[in-house]
Amino acid sequence: MKELVGIAASPGAAVAPAFVLEDEGGQAVPAYSLAASEIPAEWARFLAAVAKARDEVAELRDRARIEAGDEQAAIFESHLLMLDDPDLMERIEGSLAASLRNIERVVVEIESELVGKLLKAEDPALRERAADIQDVSRRILGHLLSRERRSLGDIAQDVVLVARDLLPSDMLSMDRGRVKAIVTESGGRTSHAAIMARAFEIPAVLGVAGALAAIREGMRVAVDGERGLVVAEPDAAALARTDAERAAAARRDRDLSALRDLPALTLDGRRILLKANIEVPEEAEGAVAHGADGVGLFRSEFLFLRPGEAPGEEEQYRAYRRVIETMAGKPVTIRTLDVGGDKVLPSAGSSDDRIEKNPLLGWRAIRFCLSHTEVFKTQLRAILRAAVHGETRIMFPMIATDWELEKARALLVEARAECRAKGQEVPDYIPVGIMIEVPSAAIASDILARRADFFSIGTNDLTQYTLAVDRGNRRLAYLNEPYNPAVLRLVALTIENGRKAGIPVAMCGEMASDPAVATLLIGLGLEEFSMSSASLPAVKRIVRQTDSGRAADFAKAAMGLSSSAEVAAYLSSLPRS
Ligand code: PEP
Ligand code: MG
């Protein structure tokens, strides 16, 4: 028996023999030189491989739409965009002609350059976009080298799927009736594999170091997706634990599905808004399906991070309008571009602009937008025009001072005037809020509340900046604790200052999706929680079990504690029905 620990990415438990997906990454890609006269034929070989890849992806997209919904289909839609991207094709052709090397090497090199850039992004979701690029590139390489990835479509028995990494196309092509659980060495809670495993309700443990070395084909494997445990060749006690977890998961699912259409009301009748965080427009459909009260955070930078030119006003307008119309009258909060620092825009700035000693303390988000006013105003015009199609709010990220909010608002006024000058219809009023994710903003939230129509607390960055800990640095993970009393005080202060100023206060950082802390947040007076759609029912259940008066007492006691460990222990002591 061997026990492995990873990231609990999708709840549930299962035991089955392992189906090990061989690792393609290690397979050699040939390298050789070409004469200039051979380049046209080499390019034609590449175009033929791209055409085959395109047909395959289009088929996967159509299948995804029928079998898995628009959100999953959108992943393949984005792969098609990459395969049709003229800038990318031009770059590959240019590099082929300049290097006089076989096209496989050129593809591998450009892939690793793009993936390298994305993997440096501090936002885990952005890092996961690297998987899309790898998926497309491996597909093209597969055709160039006439290699097929082992098919997951004809798995003949129940299995636990074990792989270094799973591509979106693997997730879609596998027989979902047969794959009882998933274990991968890479990935995290926000990877496509995790998102799709949750959507398909398959237990998954990701980021399991050493899984491929420990688990061989056919070996019995027990997976506990709730605790992030994987046991190869489990003994009787481990099997019993898995059975108990399976029964508990089935009970939880039954309870949660019954909640989907019930309102998020506390026991004493206080309405809590539960909204969805989305990264791409297609996710709005999932938000509706999970009964979200709106979109509390649309991370618009995802529109900008595809290779090639940044999207223009029309493309952005269509994306925002699509989300607003999908939400059918429920409010949509669009956060303006949060790039810069180490989230590099493919199209922005000279290389000098991109190099900063301390990117996380650098030219990010609103700071970047206030010095790229044309990029910013283009986005504001697109949002304003889309806003006539439904209730829309604008939210500025990384506001650290009142001056930035004043300046951003002035640019919004200009953007509105520019739309009107062109005869475009835009609303006279649109609520303008800010993320509270820099300690200075939380501390001065009373000042900022005079100019902001709402706040949304971004605990991911607020924790990072309060404790001076890079949120992506594993060695410092022990410090990156949202339950830290300093972070909780800033959260409480922001809620209190919002209340005094009479403006709504939401939370859209990961803390909002943590059911364990929901009572405390309700007790502090938080009115709106925004999180990935799949997390909504579990938080709703806590809301419906909470009496807000008792939650206030509970919060008061929690705020007197002196460490994250004490807070965690106190939160878990709260009796639940
Ligand atoms: C946050 O910082 O908490 C937040 C929601 O923004 P992001 O995770 O996109 O930085
Ligand atoms: Mg943030």
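Residues numbered from 1 in each chain as written. Chains lettered and ligands numbered in written order. Predicted model: local features only at pLDDT ≥ 70, side-chain atom pairs only at ≥ 80, totals over all residues. Heavy atoms only, no water.

Comments concerning the overall build of the chain
Selection rule: Secondary structure elements are defined from DSSP: runs of H or I of at least 4 residues count as helices, runs of E of at least 2 residues count as strands, and each element is numbered from the N terminus. Burial classification: accessible surface area is computed with a 1.4 Å probe over protein chains only, and a residue below 20% of its type maximum counts as buried, one above 50% as exposed, and the rest as partly exposed. Should any heavy atoms of two residues lie within 4.5 Å, those residues are counted as being in contact. Asp and Glu count as negative and Lys and Arg as positive, but His and the ends of the chain are not part of the count. For this purpose, a charge sits on NZ of Lys, CZ of Arg, CG of Asp or CD of Glu.
For the chain, the count of helices and strands is 24 helices and 16 strands. Residue burial in the chain is summarised as follows: out of 577 residues, 54% are buried. Look at the contacts in the chain between residues 6 or more apart in sequence, and 69% of them connect residues 24 or more apart. Mean positive and mean negative side-chain charge positions of the chain (72 and 86 charges, respectively) differ by 3 Å.

Remarks on the pattern of salt bridges
Test applied: Here a salt bridge means any side-chain nitrogen of Lys or Arg lying within 4 Å of a carboxyl oxygen belonging to Asp or Glu.
Counted under the stated rule, the structure contains 41 salt bridges. Here Arg-61 ties to Glu-77 by a salt bridge, and the two come within 3.4 Å at their closest N and O atoms. Note that Arg-61 is positioned in helix α1 (residues 39–67) and Glu-77 in helix α2 (residues 70–83), a separation of 16 residues in sequence. Assessed through its relative accessible area of 16%, Arg-61 is described here as buried. Owing to a relative accessible area of 29%, Glu-77 belongs among the partly exposed residues under this scheme. For Arg-271, the salt bridge is made with Asp-293, and the minimal N-O distance between the two is 3.2 Å.

Topic: the coordination of the magnesium ion (ligand 2)
Operational definition: With water omitted from the atoms examined, metal sites may look incomplete; donors here are N, O and S atoms no farther than 2.8 Å from the metal, or 3.2 Å in the case of Na, K and Ca.
Of the protein atoms, only Glu-437 (OE) and Asp-461 (OD) coordinate the magnesium ion (ligand 2), at distances of 2.0 to 2.2 Å. Residue Glu-437 is found in the loop between β13 (432–436) and α17 (439–443), and its partner Asp-461 is found in helix α19 (residues 459–466); the two are separated by 24 residues along the sequence. Across the pair, exposure class does not vary: Glu-437 and Asp-461 are buried alike.

Description of the packing of aromatic side chains
Test applied: Think of it this way: a Phe, Tyr or Trp ring, Trp meaning its six-membered ring, pairs with another when their centres are within 6.5 Å, and the plane angle makes it stacked under 30 degrees, edge-to-face over 60, tilted otherwise. Look at NZ for Lys and CZ for Arg. If either is within 6 Å of the ring centre and within 35 degrees of the ring normal, a charge sits over the ring.
If you walk through the whole model with that rule in mind, you get 5 aromatic pairs. For the ring pair Trp-363 and Phe-368, a centre distance of 5.5 Å and an interplane angle of 65° mean the geometry is edge-to-face. Residue Trp-363 is classed as partly exposed on the basis of its relative accessible area of 26%. By relative accessible area, which is 5% here, Phe-368 ends up buried. Over the ring of Tyr-317 we find Arg-385; its NZ or CZ atom is 4.4 Å from the centre of that ring. Across from the ring centre of Phe-454, 5.7 Å away, lies the NZ or CZ of Arg-393, which sits over that ring.

Notes on the site of ligand 1
Rules: One heavy atom within 4 Å of a molecule or strand is enough for the residue carrying it to be called near that molecule or strand. Here a polar contact means two N or O atoms within 3.5 Å. Within protein one must be a hydrogen donor candidate and the other an acceptor candidate, and residues neighboring in sequence count only if both atoms are side-chain atoms.
As a structural note, the neighbourhood of ligand 1 is formed by 13 residues, with Arg-299, Arg-335, Gly-458, Asn-460 and Arg-471 the closest of them. One of the side-chain N or O atoms of Arg-299 is found 2.7 Å from an oxygen atom in ligand 1. Asp-461 places a polar main-chain atom, nitrogen or oxygen, 3.0 Å from an oxygen atom of ligand 1. Only β10 (295–299) and α19 provide two or more residues apiece to the shell around ligand 1. Among the elements that take part in the shell around ligand 1, α19 stands out by supplying 3 residues, more than any other.

A word on the packing of α2 against helix α6 (residues 130–144)
For clarity, the threshold we go by: Angular values range over 0 to 180 degrees, each being the angle between N-to-C directions of two axes fitted as lines to C-alpha atoms, with helices fitted over their stretch in contact. Between 65 and 115 degrees an angle is taken as roughly perpendicular, under 35 as roughly parallel, over 145 as roughly antiparallel, and anywhere else as oblique. Crossing chirality is assigned from the near helix's rotation relative to the far helix, an anticlockwise turn below a right angle marking it left-handed and a clockwise turn marking it right-handed. Gly is put with the polar residues, along with every residue not named as nonpolar or charged; the nonpolar set is Ala, Val, Leu, Ile, Met, Phe, Trp, Tyr, Cys and Pro, and the charged set is Asp, Glu, Lys and Arg.
Between α2 and α6, whose axes approach to 10 Å, the crossing angle comes to 60°. Here α2 is positioned oblique relative to α6, judged by the angle of their axes. In this structure, α2 crosses over α6, and the sense of that crossing is right-handed. Listed contacts from α6 to Ile-75, Ser-78, His-79, Met-82 and Leu-83 of α2 are Asp-132, Ile-133, Asp-135, Val-136 and Ile-140. Tallied by class, the residues present in the contact of α2 with α6 amount to 6 nonpolar, 2 polar and 2 charged.

Points about the sheet that holds strand β3 (residues 13–20)
Here is the rule: Paired strands, as defined in this entry, are two strands with at least two bridges between them according to DSSP.
With mixed pairing, the 8 strands of this open sheet are ordered in space as β1-β8-β7-β3-β4-β5-β6-β2. Edge positions in the open sheet fall to β1 (2–5) and β2 (7–10), since each of these has one partner strand only. Taken over all neighbouring pairs, the strand axes of this sheet differ in orientation by 30° on average, direction set aside. Relative to strand β5 (residues 179–184), strand β4 (residues 159–163) runs parallel, the two being bridged by 5 bridges. Of the residues in β5, the one forming a bridge with Val-159 is Val-179.

Structural notes on helix α12 (residues 313–326)
Cut-off, in case you're wondering: For a helix, the expected span equals 1.5 Å multiplied by the number of residues minus one.
Taking 1.5 Å per residue as the helical rise, α12 with its 14 residues ought to reach 20 Å, and the 20 Å between its terminal C-alpha atoms agrees with that figure. Contacts made by the buried residues of α12 are with β9 (273–278), α11 (283–289), β10, β11 (332–335), α15 (373–386) and β12 (392–396). Of the residues one or two after α12, Ala-328 is the one with positive phi, at around 45°.

Focus on the domain arrangement of the chain
Definition in use: Where each domain starts and ends follows an automatic or database-derived domain assignment.
By domain assignment, the chain separates into domain 1 (2–22 + 151–253), domain 2 (24–144) and domain 3 (261–572). Domain 1 and domain 3 are separated by 32 Å when their C-alpha centres are compared.

What to know about the environment of Ala-284
You can see Ala-284 is positioned in helix α11. Linking Ala-284 and Met-531, residues 247 residues apart in sequence, is a C-alpha distance of 12 Å. Other than its neighbours up to four places away in sequence, Ala-284 contacts Ile-278, Val-323, Thr-326 and Met-327.

Some thoughts on the nonpolar core
Applicable threshold: The nonpolar core is taken to be a set of buried Ala, Val, Leu, Ile, Met, Phe, Trp, Tyr and Cys residues, with the residues joined through side-chain atoms within 4.5 Å.
If you look at the biggest cluster of nonpolar residues, it comprises 89 residues, and the most contacted ones within it are Phe-396 and Phe-529. Setting aside chain neighbours within four positions, we find Phe-529 in contact with Ile-272, Leu-273, Leu-274, Lys-275, Met-507, Ala-512, Ala-518, Leu-521, Ile-522 and Val-539. In terms of nonpolar packing, the next biggest core, distinct from the first, is built from 32 residues, Phe-46, Met-89, Leu-96 and Val-136 among them.

Notes on unusual backbone geometry
Positive phi values are uncommon outside glycine, yet Glu-233 reaches one of about 50°. Of note, Glu-233 is situated in the loop between β8 (229–232) and α10 (236–259). Judged by relative accessible area, Glu-233 falls into the partly exposed class, the value being 46%. Despite not being glycine, Ala-468 shows a phi value in the positive range, around 50°. With respect to the helices and strands, Ala-468 occurs in the loop between α19 and α20 (485–501). The class of Ala-468 is exposed, set by a relative accessible area of 69%.

Things to note about the state of the cysteines
Here a disulfide denotes a covalent bond joining the sulfur atom of one cysteine to the sulfur atom of another. As a reminder, the rule being used: Disulfide: a pair of cysteine sulfur atoms within 2.5 Å of each other.
Overall, the coordinates contain 0 disulfides when judged by the stated rule. The cysteine Cys-369 is free of any disulfide, with Cys-419 supplying the nearest cysteine sulfur at 16 Å. Using a relative accessible area of 0% as the deciding quantity, one classes Cys-419 as buried.

Let's talk about the packing of helix α4 (residues 103–119) against α6
Two elements in contact, α4 and α6, have axes whose closest approach is 9 Å; the angle formed by their N-to-C orientations is 170°. Accordingly, the angle class assigned to the pair α4 and α6 is roughly antiparallel. Of the residues in α6, those touching α4 at Ile-103, Glu-104, Val-107, Val-108, Glu-111, Leu-114, Val-115, Leu-118 and Leu-119 are Ala-130, Ile-133, Gln-134, Ser-137, Leu-141 and Leu-144. Residues that form the contact of α4 with α6 fall into these classes: 11 nonpolar, 2 polar and 2 charged.

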